[in-house]
Amino acid sequence: MLVTQIAEIVYKEGRRYPAFFYLTLLETRDILADPEENDAETALTDAAQRFKRLYHAPRDNFSEFYVYSGDPEQRAADNQRLEELVSELRSMFNNS
């Protein structure tokens, strides 16, 4: 699941970022994973709204998140992968 992959990346970055990012991603994952509570369409809408909360802060929001590595090439590759995952997740939410 896309959101799980993103959450794992955030978790690996540890204390450099607020726990809010990780927890919000887990909440988003849980909404998508339990469609019994709502129908699939409602779950997707609710998950999209939860995901958007990552970007609401005027500063220190998820748009400022990046993966750090001492190796510039690895850092670029890791951040490119993160960007692709987030774009794919956004696309899924926007197309619903």
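Report on the accompanying structure. (Residues numbered from 1 in each chain as written. Predicted model: local features only at pLDDT ≥ 70, side-chain atom pairs only at ≥ 80, totals over all residues. Heavy atoms only, no water.)

Looking at the packing of helix α1 (residues 2-13) against helix α4 (residues 72-94)
Part 1 of the argument: Contact geometry for α1 and α4: axes closest at 9 Å, N-to-C directions at 145°. For the element pair α1 and α4, the recorded crossing hand is left-handed. Contact residues: α1 offers L2, V3, Q5, I6 and I9, while α4 offers R81, L82, L85, V86, E88 and L89.
Part 2 of the argument: Considered class by class, the residues forming the contact of α1 with α4 number 8 nonpolar, 1 polar and 2 charged. (Axes fitted to C-alpha atoms, helices over the stretch in contact; angles between N-to-C directions. Helix = DSSP H or I, 4+ residues; strand = E, 2+ residues; numbered from the N terminus. Left-handed = near helix turned anticlockwise from the far one by under 90°. Contact = heavy atoms within 4.5 Å. Nonpolar A, V, L, I, M, F, W, Y, C, P; charged D, E, K, R; others polar.)

Comments concerning the side chain of T24
Part 1 of the argument: Position of T24 among the secondary structure elements: in helix α2 (residues 19-33).
Part 2 of the argument: Take T24: its relative accessible area is 1%, and that puts it in the buried class.
Part 3 of the argument: Once residues within four sequence positions are removed from consideration, T24 is found in contact with R50 and L54. (Buried < 20%, exposed > 50% of the residue type's maximum accessible area, 1.4 Å probe, protein only.)

Some thoughts on the packing of aromatic side chains
Part 1 of the argument: The tally for this structure, following the rule as stated, stands at 8 aromatic pairs.
Part 2 of the argument: Grouped by ring-pair contacts, the aromatic residues F20, F21, F51, Y55, F62, F65 and F93 constitute a single cluster. (Phe/Tyr/Trp six-rings, centres within 6.5 Å; stacked < 30°, edge-to-face > 60°.)

So yeah, pure geometry; function would need other evidence.
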